[in-house]
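# Descriptive structure summary
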Amino acid sequence: MVTVLHSLGALAAWCGLFYKVRALRKDPRDPALLALCAVFALSGMSFFVSLPPVWVQVDRITGVPNMAAVLAQSCVLSLVFGQQVVLTYWARPPEEARRVARWQLGSCAAAVAALITLFCLLTPTDQRVKDFTLYYVHDPYYVAYLSLYIAVYLVGEANVCRVCRRYAKVAGRTWLRRGLRVTAAGAFICLGYGAVRAGNVLGTVFHFDVRAWEDFAWLCGDVGSALTLVGWTLPGWGPRVASVGNWLRAYRRHRRLYPLWAALHGAVPTIALTPPRSALADRLAFGQLEFRLYRRVIEIRDGQLALRAFAGPDEEERADREGRAAGLSGEALRAHVEAVRTRTALERRAQGRAAAAARAEEDAGHAARTDLAAETEWLVRVATAFAALPRVPRQPAGEGVPAERV
C-alpha cells in the first residue's frame, strides 16, 4: 500500500509542478510562485526517492546505506519551509515578506544541515527500506535526528493549517477559499503522520510502542500531502472544471426544453429569433449554450403568452385531480398542471377554437419568474412533464419542427 501511495503522491506532485511551471513562464519573478514550484518539486522528489526500487538504487550509487532516507526527509523539511515562504509572500507586503522569507530560508538551510550531520553521526550499516524509522529508534543520534525532523514537520504543517484556515475566511475568490480549505485539511491530516513519528521518539523514553500505527502514519502523510498539493493548485484549475460542469448542465437543460419549445414553435413560429434547427442539429448544438438556453426560455414564455387565449380552466382542474391521484404534489404537481394547460392551448389552437373565457387574472399567477436560473429550472420541470404527455397534433399550417421526446 505504501508503494502505491508514494507513487500516486509523486505523480500528483509532478503534475502540479508542470501546471505551475506553465504559470511561472509568464511571471518568472513572482517569488511566491517560485517557492510553490519548489514545494512541488521537493514533494515529488521525496515521494520518488522513498519508492523501494529507487531507495535501493540511491544507496547503491552513493555507497551509503539509507542515504535515500535522509535525502527524502531533507526534501520534506525543505518543502515545509517552502510552504511558509509561499504564505509569507501572500500575507505580507513585498519588503517585509522578503525579510521574513530570508530568515525562513536560512532556518531551512540550518535545519537540513543539522539533519545531515546527525545522519552522518548515526552511520547506519544496515539498509532498511521498509523500517528505517523504527530500526534505529533506540540510537541516541537517531532520536535527535528524528526529533529535529518531526519538530520542524509538526510546527510547519500546523502553521499551514492555521494560516490557510484563517485566510480562507476572508479570501475574495470562491476557488481561492476552497483551495485554502483543502490545503488546510491536507496539512491537518499530515499532523497524524507527525504524531505517530513523535510517538516513536517518546516511546523510547516512556516505554510504549506505536509500531502498530505505522500504516496509519504513512496513510496520513501521503493522503495529507496529496490534498495539500491539490489545494495549492485548486484556484487555478477549479474554475475550469466548474465551467465544464456548467456547460454540461446547460446542454442537458437545453435538450430537456426541446419538446416543449418545438411544440410551441410549431404553433407560433414567430417566437424563434433564428431559423429552427432539425432535432438532430439541435442535439449537436454545442456552442454558445448559455445564450441558446436563455433564448429557449424566452421563446417558450413568448409562446405560452401567445396561446393564453386558448387555455381553459376545465383541463387544469382535471389535470390537478389526475396528478394528485398519481401521487404528485408540490412543484411536480404544478409542473404537470402547466404542461396540461400548455397542451390544451396547443390542441385548441390547432383546432381553431379559443377557450370559453380568457383568464387574465389567473395568467398573472403563471407570470415568468424574475430569476433566470429559477425560471429555467421551472420550465425544465414543465418540459419534462410535457414530454410525458401524449403527443400534440401538429398544426398543418405551422412551419416549426415536430416535438421530440427526450
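Look above for the structure.
Residues numbered from 1 in each chain as written. Predicted model: local features only at pLDDT ≥ 70, side-chain atom pairs only at ≥ 80, totals over all residues. Heavy atoms only, no water.

### Re the overall build of the protein chain
Along its length, the protein chain carries 16 helices and zero strands. Residues counted as buried form 45% of the 406 residues belonging to the protein chain. Surface summary for the protein chain: the accessible area is close to 20,900 Å², and the carbon and sulfur share equals 62%. (Helix = DSSP H or I, 4+ residues; strand = E, 2+ residues; numbered from the N terminus. Buried < 20%, exposed > 50% of the residue type's maximum accessible area, 1.4 Å probe, protein only. Areas by Shrake-Rupley, 256 points an atom, 1.4 Å probe, with all protein chains shown as cover.)

### Observations regarding the packing of aromatic side chains
Counted according to the given criterion, the structure contains nine aromatic pairs. With a centroid separation of 5.4 Å and an interplanar angle of 80 degrees, the aromatic rings of Trp213 and Phe216 are classed as edge-to-face. Trp213 gets classed as partly exposed once you look at its relative accessible area, which sits at 48%. The exposure class of Phe216 is partly exposed, given its relative accessible area of 38%. Aromatic pair Tyr258 and Trp261: ring centres 6.0 Å apart, planes at 40 degrees, arrangement tilted. A residue pair is termed a helical-turn pair when its members lie 3 or 4 positions apart in one helix, as Tyr258 and Trp261 do in helix α10 (residues 258-267) at three residues. Residue classification places Tyr258 among the buried residues on the basis of a relative accessible area of 0%. Under the relative-accessibility criterion, Trp261 is labelled buried at 5%. An aromatic cluster is present here, built from Tyr149, Tyr153, Tyr193 and Trp218 joined pairwise through their rings. When the ring centre of Trp218 is taken as reference, the NZ or CZ atom of Arg197 above it lies at 5.3 Å. Sitting over the ring of Trp261, Arg296 keeps its end group 4.6 Å from the ring centre. (Phe/Tyr/Trp six-rings, centres within 6.5 Å; stacked < 30°, edge-to-face > 60°. Lys NZ or Arg CZ within 6 Å of the ring centre and 35° of its normal.)

### Let's talk about the environment of Thr174
Here Thr174 is to be found in helix α8 (residues 174-206). With a relative accessible area of 35%, Thr174 lands in the partly exposed category.

### Some remarks on the nonpolar core
Grouped together as the largest cluster of nonpolar side chains are 35 residues, with contacts concentrated most on Leu257, Leu260, Leu264, Ile300, Leu307 and Leu346. Going through the elements one at a time, α9 (214-256), α10, α12 (289-306), α14 (330-351) and α16 (372-387) are the ones with two or more residues in this core. In this view, Ile300 contacts Leu257, Leu260, Trp261, Leu264 and Leu379; residues no more than four positions away in its chain are not counted. Leu79, Leu118, Tyr149 and Tyr193 belong to the second-largest nonpolar core, a separate cluster that totals 27 residues. (Core = buried A, V, L, I, M, F, W, Y, C linked by side-chain atoms within 4.5 Å. Contact = heavy atoms within 4.5 Å.)

### Remarks on empty space enclosed by the protein
The tally for this structure, following the rule as stated, stands at three cavities of 30 Å³ or more. A volume near 60 Å³ is recorded for the second largest cavity. Along the walls of the second largest cavity sit Gln304, Leu307, Arg308, Ala311, Arg341, Thr342 and Ala345, which together make up its complete lining. When the residues that make up the lining of the second largest cavity are grouped by side-chain class, the tally is three nonpolar, two polar and two charged. (1 Å grid on protein atoms, 1.4 Å probe; cavity = no way out; pocket = protein on both sides within 12 Å on 5 of 7 lines; lining within 4 Å. Points joined across faces, edges and corners; volume = space filled by probe spheres on them. Nonpolar A, V, L, I, M, F, W, Y, C, P; charged D, E, K, R; others polar.)

### Focus: the packing of α14 against α16
Between α14 and α16, whose axes approach to 8 Å, the crossing angle comes to 65 degrees. Judged by the sense of rotation from one axis to the other, the crossing of α14 with α16 is right-handed. Of the residues in α16, those touching α14 at Glu331, Ala332, Arg334, Ala335, His336, Glu338, Ala339, Thr342, Arg343 and Leu346 are Trp378, Arg381, Val382, Ala385 and Phe386. When its residues are assigned to classes, the contact of α14 with α16 shows eight nonpolar, two polar and five charged. (Axes fitted to C-alpha atoms, helices over the stretch in contact; angles between N-to-C directions. Left-handed = near helix turned anticlockwise from the far one by under 90°.)

### Focus on the environment of Asp59
Within the secondary structure, Asp59 is located in helix α3 (residues 52-62). Residue classification places Asp59 among the buried residues on the basis of a relative accessible area of 6%. Only 2.8 Å separates the side chain of Asp59 from the backbone nitrogen of Asn66, close enough to count as a polar contact. (Polar contact = N/O pair within 3.5 Å; in protein donor to acceptor, adjacent residues only side chain to side chain.)

### Points about the packing of α9 against α12
Packing of α9 against α12 brings their axes to within 9 Å, and their N-to-C directions diverge by 35 degrees. Considering the relative orientation of α9 and α12, their crossing is left-handed. Each of Asn246, Trp247, Ala250, Tyr251, Arg253 and His254 in α9 lies in contact with α12, whose residues at this interface are Leu289, Glu290, Arg292, Leu293 and Arg296. Its residues placed into classes, the contact of α9 with α12 shows five nonpolar, two polar and four charged.

### Section: the side chain of Glu299
With respect to the helices and strands, the residue Glu299 is situated in helix α12. Note on Glu299: relative accessible area 5%, which makes it buried.

### Overview of the pattern of salt bridges
Enumeration according to the criterion identifies eight salt bridges in this entry. A salt bridge links Arg197 to Glu214; its shortest N-O distance comes to 2.7 Å. One end of the pair, Arg197, is in helix α8; the other, Glu214, is in helix α9, with 17 residues separating them in the sequence. Exposure remark for Glu214: the relative accessible area of 11% places this residue in the buried category. With a closest N to O distance of 3.1 Å, Arg301 and Glu338 form a salt bridge. You can see Arg301 sitting in helix α12 and its partner Glu338 sitting in helix α14, a full 37 residues away along the chain. One exposure class covers both Arg301 and Glu338, and it is buried. The network of salt bridges with common partners includes Arg301, Glu338 and Glu375. (Salt bridge = Lys/Arg side-chain N within 4 Å of Asp/Glu carboxyl O.)

### Re the state of the cysteines
Within the structure shown, the criterion is met by zero disulfides. Of all cysteine sulfurs, the one in Cys220 lies closest to Cys190, which takes part in no disulfide; the gap is 8.2 Å. (Disulfide = S-S within 2.5 Å.)

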